[in-house]
Amino acid sequence: MSTPLQALKKKTNEALGIRPEDAVLSKSYLLVAFAALLIGGILGLLQGLNRAGLLDLPHWFNYYQVLTAHGLLLVLVLTAFFTIGYFYAALSHTLGGLLPKVRKLAWVGFGLKMAGFVLAVIPILMNKATVLYTFYPPMAASPVFYFGLVFIVLGVWMCAFGCFIQVANWRKQNKGKHVPILAYFATGVFVLLFFGSIPVTIEVFMIIPWSLGWVETINVMVARTLFWAFGHTLVNIWYLTAVSAWYVVVPKVIGGRRFSDTLTRVVIFLLVIMNIPGGFHHQIIDPGIAESVKFLHVFMSLAIGLPSLMTAYAMFSVFEKTAKKKGGKGVFGWFKKLPWGDVRFLAPMMAMIAFIPGGAGGIVQSTNQLNQVVHNTMWIVGHFHLTVGMSVVLTFFGISYWLVPYLSKRVLTPKLNKLGVIQTIIWSAGMGLMAIAMHWVGLLGSPRRTSYTTYFDNATALGWDPYLLFLAVGGTLLMIGVILQVYAVVHLMFFAPKGETEFPIAEEEEDAAKTPYWTERWGRIIFVMLLVIAMGYVIPMVEFIVNAPPGSPPFKTW
Amino acid sequence: MNQLIIGALLLLVLALPPVRHLLESIMIVHMHMQMPLLVVAGFLTAKYMQEKLPGFFKKWNRNGLPGILLFVIIMVYWTLPRTMDEALTVPAVEIFKYVSLPFLAGVPLRDSWKKLSVSGKNTVFTGFTMLFFGMGWLYIKSPEQLCNNYLLVEQLTLGWGFVTMAVCMVVYLVYKALVDPSEYE
């Protein structure tokens, strides 16, 4: 039962909005996220122009440096800071305000991560850490870069512990109740962040003595495997964050109700359980793993598609139900009844639509034979720009149009909503153009992670040029999108008219079935997750270590 | 009825020759995936049997002890290296595997687990944790090939599979010991 104090806290929270201390925390995280978007976006444009052969980058800031910084800023800083800022606002809102010690942990985490990023960025700027954002050996950066990564991981752990303490405290005071759905999503995300970052921590602690020269060689395959155990988990952390808004926020924005609460929770813990060994589909062309083991891993990777298909079904069911209640008719006619002019709906909707080809492309890549065609080509880059750059980031943008004013006690004006709609259209067009061109030129053999070259005017390489031009066009549109988005966030945070904005959380259906209590037993979920990780990793790891090659010295290829 | 169909289908799929060959071609997958899946298949069919033969289970497995004892015996039997070898070379033993794991391990496990007391459950869990550490130690430390059909490196992999599973079980036991559900539920 909830105590009277808790009930009072909940009521004050609802009446007065978020507590100022909690708002400052989330706003700080979001500001860093969007600053990273601005800088990372500019770097992205430089790369696009270079790949199209339109811009020569100077030798003191070369393509690979730009690529490393672009990747790190957007796939690490933007996503991590947004995720934490968003979920801490959700924890504060749904669990009656953050506990003082939790807030302190999140601030310590903020400081550690910022310190870590400064440490990591300095060697990148000095061209001493041009190892790309997938920083696995044999390329070796300056040790300072890896020290920075250690601080970042420690910072993330602080935030994870903060979330666990907050949720455990709420559960103790609300015995037998289900954790509110957004807090449940947050738990899943932070469980993944914590357990997923353990392998990368081990990897970094393997690399540090090697980059310092204390040991001569490193086991590359072990390091790569540890990296992807984390790398793939990170992908699904973004995805789970976006999905949380799809299930909980979008139905409220369109005036509908949530899809089954049980299904939502099942999707969350299935993603948590099956996620980490999915890292192997990033290594499907790697040597040292038997074909049969790869086959089993493909099966495991595709299993992650199941909760995604459940999500797709749930979302379209909610849309149809809501639109038909509003008078929508026909098989597709009800589409018109959806609020397309509302950026809080439009942006995540475009994100979901992008996930249809994005998910299909993902299935292509995790299929052994098909992967051989697209491996390390621009196809891959197209794939993750579609999934991360559209499905995840557009959802984040959509969230920002209500989350930022909610935090700053301001309102989204119709004018800014219009700007948001235009931003979404520009972003979708830019990313669409770029991603399609990347997929296509990848199929024609254009490699990823390669500065512009015609390979001595080789005919095949020259044939890529028209497609690569679209990268520049798409990149330019995206840059306009970045500027509009950053302007919108700054405006909503500091200049928009004062007022109250609601934290949109959809209710369950009135006749919803009761969610079974076993969904709350995280101890069991984590136990099964650990078993699945053991199942996935024991075979290749033993093989890599027992039959290890001599090992690799550090390489500096740039 | 649903569970019966899923269980039967699972058993059928596991018995398909290509599936059987793939799963049996890797030592650890043979023991740690195929065999547990067979148990799961039996576990799923158990509900139907409980409904059809309530008297049988009531008479022979009143307090859950006979059932769990049968489960333990079957499971321990199939952790022995020699039994895997025989399953691969003697068809009768392979058939015995496909019968014993679902119906002599999976079915009694389901019927017994709910009848056991908390301490009974913890004893079984702790016993298996110790068994897994022991088997892990055996497979990792043995300098000889224990199965004629599998290479030494596969044996090592299986050993580490046992150890990592045992570690997971320890994590769970520690969680059970430290976290009091009545504080939350």
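What counts and what doesn't
- Residues numbered from 1 in each chain as written.
- Chains lettered and ligands numbered in written order.
- Predicted model: local features only at pLDDT ≥ 70, side-chain atom pairs only at ≥ 80, totals over all residues.
- Heavy atoms only, no water.
- Helix = DSSP H or I, 4+ residues; strand = E, 2+ residues; numbered from the N terminus.
- Rg over C-alpha atoms; globule rule 2.2 N^0.38 Å.
- Contact = heavy atoms within 4.5 Å.
- Areas by Shrake-Rupley, 256 points an atom, 1.4 Å probe, with all protein chains shown as cover.
- Lys, Arg positive; Asp, Glu negative; His and termini not counted.
- Charge placed at Lys NZ, Arg CZ, Asp CG, Glu CD.
- Buried < 20%, exposed > 50% of the residue type's maximum accessible area, 1.4 Å probe, protein only.
- UniProt positions renumbered as here; feature names shortened; annotations may be inferred.
- Phe/Tyr/Trp six-rings, centres within 6.5 Å; stacked < 30°, edge-to-face > 60°.
- Buried area = accessible area lost by both parts, 1.4 Å probe.
- Salt bridge = Lys/Arg side-chain N within 4 Å of Asp/Glu carboxyl O.
- Polar contact = N/O pair within 3.5 Å; in protein donor to acceptor, adjacent residues only side chain to side chain.
- Axes fitted to C-alpha atoms, helices over the stretch in contact; angles between N-to-C directions.
- Parallel < 35°, antiparallel > 145°, perpendicular 65-115°, else oblique.
- Left-handed = near helix turned anticlockwise from the far one by under 90°.
- Nonpolar A, V, L, I, M, F, W, Y, C, P; charged D, E, K, R; others polar.

Q: Could you clarify how one ought to interpret the overall build of chain A in this entry?
A: A tally of regular secondary structure across chain A gives 16 helices and 0 strands. The C-alpha radius of gyration of chain A comes to 23 Å, within 12% of the 24 Å expected for a compact globule of 558 residues. Overall size of chain A, expressed as C-alpha extent along the three principal axes, is 70 × 50 × 45 Å. For chain A, contacts bridging at least 24 residues in sequence account for 85% of all contacts bridging at least 6. Surface exposure of chain A reaches about 21700 Å², of which carbon and sulfur atoms provide 72%. For chain A, the separation between the mean place of its 40 positive charges and that of its 22 negative charges on side chains is 8 Å.

Q: Sorry if this is basic, but what is going on with the overall build of chain B here?
A: Counting its secondary structure elements, chain B contains 9 helices and 0 strands. In sequence order, the secondary structure elements of chain B are arranged as α-α-α-α-α-α-α-α-α. Rg of the C-alpha trace for chain B: 17 Å, near the compact-globule value of 16 Å for 185 residues, within the 12% margin. Relative to its 185 residues, chain B shows a buried fraction of 42%. Within chain B, contacts between residues separated by at least 24 positions form 75% of all contacts whose residues are at least 6 apart in sequence. With an accessible surface of roughly 9900 Å², chain B has 73% of that area assigned to carbon and sulfur atoms. Put simply, chain B has 14 plus and 11 minus side-chain charges, and the middle of one group is 11 Å from the middle of the other.

Q: What's the story with the side chain of Asn417 of chain A in this structure? I'm lost.
A: Residues and elements named next belong to chain A. Tracing the backbone through its elements, the reader meets Asn417 in helix H14 (residues 414-443). Residue classification places Asn417 among the buried positions, given a relative accessible area of 16%. What Asn417 contacts, discounting residues up to four positions off in sequence, is Gly341, Asp342, Val343 and Leu412.

Q: Please clarify how unusual backbone geometry should be interpreted in this entry.
A: For residues besides glycine, phi is generally negative; the peptide bonds are generally trans as well. Residues and elements named next belong to chain A. That bond from Pro137 to Pro138 is cis: its omega, 10 degrees, falls within 30 degrees of zero. When you line up the elements, Pro138 lands in the loop between helix H4 (100-125) and helix H5 (143-173). Located in the positive-phi region is Phe456, a residue other than glycine, with phi close to 55 degrees. Among the residues examined, Phe456 registers a relative accessible area of 86% and is labelled exposed.

Q: Even after reading the chapter, I still don't get the UniProt feature "transmembrane region" (unreviewed entry) in chain B, so can you show me in this structure?
A: The feature "transmembrane region" (unreviewed entry), as annotated in UniProt, sits at residues 64-80, 122-140 and 160-179 of chain B in this numbering. For residues 160-179 of chain B, the helix share is 95%, the strand share is 0%, and the end-to-end C-alpha distance is 28 Å.

Q: Looking at this structure, I do not really get the packing of aromatic side chains. What am I missing?
A: Any pair of aromatic rings gets described here by the distance separating the centres and the angle formed by the planes. Residues and elements named next belong to chain A. Tallied over the entire structure, the rule returns 55 aromatic pairs over all chains. Taking 5.5 Å as the distance between ring centres and 55 degrees as the angle between the ring planes, the aromatic pair formed by Phe161 and Phe194 counts as tilted. Of the two residues, Phe161 sits in helix H5 while Phe194 sits in helix H6 (residues 181-211), which places them 33 residues apart along the sequence. For Phe194, a relative accessible area of 17% gives the class buried. Among the aromatic residues, those joined into a cluster by ring pairs are Phe34, Phe82, Tyr86, Phe87, Phe396, Phe397 and Trp427.

Q: Explain the interface of chain B and chain A to me, please; I cannot follow it from the model alone.
A: By a widely used convention, the size of an interface equals the accessible area lost when the partners come together. If you look at the interface, chain B gives 23 residues, while chain A gives 25 residues. It is Cys168, Tyr184 and Glu185 of chain B that lose the most area in chain B upon contact with chain A, and together they represent 30% of the buried surface on that side. There are 1 salt bridge connecting chain B and chain A. Taken together, the connections running from chain B to chain A amount to 4 residue pairs in polar contact (both at pLDDT 80 or more).

Q: Would you mind showing me how to read the UniProt feature "domain: Cytochrome oxidase subunit I profile" (unreviewed entry) in chain A here?
A: UniProt annotation of "domain: Cytochrome oxidase subunit I profile" (unreviewed entry) refers to residues 29-496 of chain A when read in the numbering used here. The span residues 29-496 of chain A is 75% helix and 0% strand, and its two end C-alpha atoms sit 19 Å from each other.

Q: When you look at the packing of helix H7 (residues 220-253) of chain A against helix H10 (residues 305-325) of chain A in this model, what are you seeing that I'm missing?
A: The description of two helices packed together rests on the angle between their axes and the distance between the axes. All names here are of chain A. Where H7 contacts H10, the axes come no closer than 10 Å and their chain directions differ by 20 degrees. Classified by the interaxial angle, the pair formed by H7 and H10 is roughly parallel. Relative to H10, H7 is oriented so that their crossing is left-handed. Between H7 and H10, the residues in contact are Tyr239, Val243, Trp246, Tyr247, Val250 and Pro251 and Ser308, Met310, Thr311, Ala314, Met315, Val318 and Phe319, respectively. Across the contact of H7 with H10, the residue classes break down as 11 nonpolar, 2 polar and no charged.

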